Amino acid sequence: MVSVTTGVVLLRWPLVSAVLMFLASTLKIQFRKTDYAGLAVICSLLGVIASCWFATGLLGITLVDMTIVWNNIKDVMMEVMSQTPPPEWPMMMN
């Protein structure tokens, strides 16, 4: 039964993430009214995380895609850094 429930929840992730964004926003407002600034910040961060989860899901971006992009960025940066001149080269000051 738990696996069926988990499957339904995962298939309905846009609804779950939208509810999480709404709850985070509502809790943030309530915490700000009662002077619980720390909890308001935590709720804001949870709302940002839920909205990022929502956006990546709508775009079809998975963790595998993010790993591929990160590895590509790392490879490009290593290639760029390998082509920079060594620090002992003289520099011209204007």
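Note that this is a predicted model, so its numbers are computed, not measured. Each chain has its residues counted from 1, following the order in which its sequence is written. Only residues with pLDDT of at least 70 are given local features in this predicted model, and only at 80 or more are side-chain atom pairs given and counted; all residues enter the totals for whole chains, interfaces and linings. Excluding hydrogens and water, the side-chain figures rest on all heavy atoms present in the structure.

**Q** Whenever I open this one, the overall build of the chain confuses me. Can you help?
**A** Secondary structure elements follow DSSP: runs of H or I of four or more residues count as helices, runs of E of two or more count as strands, with numbering from the N terminus. The secondary structure content of the chain amounts to four helices and zero strands. When the helices and strands of the chain are listed from N to C terminus, the series reads α-α-α-α. Any residue under 20% of the maximum accessible area for its type is buried, any over 50% is exposed, and the rest in between are partly exposed; the area is computed with a 1.4 Å probe on protein chains only. Across the 94 residues that make up the chain, the buried fraction comes to 7%. What sets the accessible areas is the Shrake-Rupley method with a 1.4 Å probe; for residues, cover comes only from the shown protein chains. Of the roughly 8200 Å² of accessible surface on the chain, 74% is carried by carbon and sulfur atoms.

**Q** Help me out: how do you make sense of unusual backbone geometry in this one?
**A** Trans peptide bonds make up the majority, and among non-glycine residues the majority have a negative phi. Its identity is not glycine, yet Asp-35 carries a phi of approximately 60 degrees, on the positive side. One can find Asp-35 in the loop between α2 (13-33) and α3 (37-59).

**Q** Would you explain the environment of Leu-23 in this entry?
**A** Among the secondary structure elements, Leu-23 is positioned in helix α2. Given the relative accessible area of 43%, Leu-23 is considered partly exposed. In the structure, Leu-23 is positioned 24 residues away from Gly-47 in sequence and 8.1 Å away in space, judged by C-alpha atoms.

**Q** Explain the confidence of the model for the chain to me, please; I cannot follow it from the model alone.
**A** If pLDDT is low for a region, its predicted coordinates should not be looked at in detail. For the chain, per-residue confidence averages 80 on the pLDDT scale, and 85% of positions sit at 70 or higher. On a scale of 0 to 100, pLDDT captures the predictor's confidence in every residue. No element of the chain has a lower mean pLDDT than helix α1 (residues 2-11), at 68, and none a higher one than helix α4 (residues 63-82), at 91.

**Q** What is the right way to look at α3 in this model?
**A** The periodicity of an α-helix, 3.6 residues per turn, causes residues three or four positions apart to be oriented the same way. An ideal rise of 1.5 Å per residue puts 33 Å on 23 residues; α3 measures up with 33 Å between its terminal C-alpha atoms. Buried within α3 are the following residues: Ala-40, Cys-43, Gly-47 and Ala-50. Just downstream of α3 lies Gly-60, where phi reads positive at about 80 degrees. Given a helix with a known number of residues, its expected span is that number minus one, times 1.5 Å.

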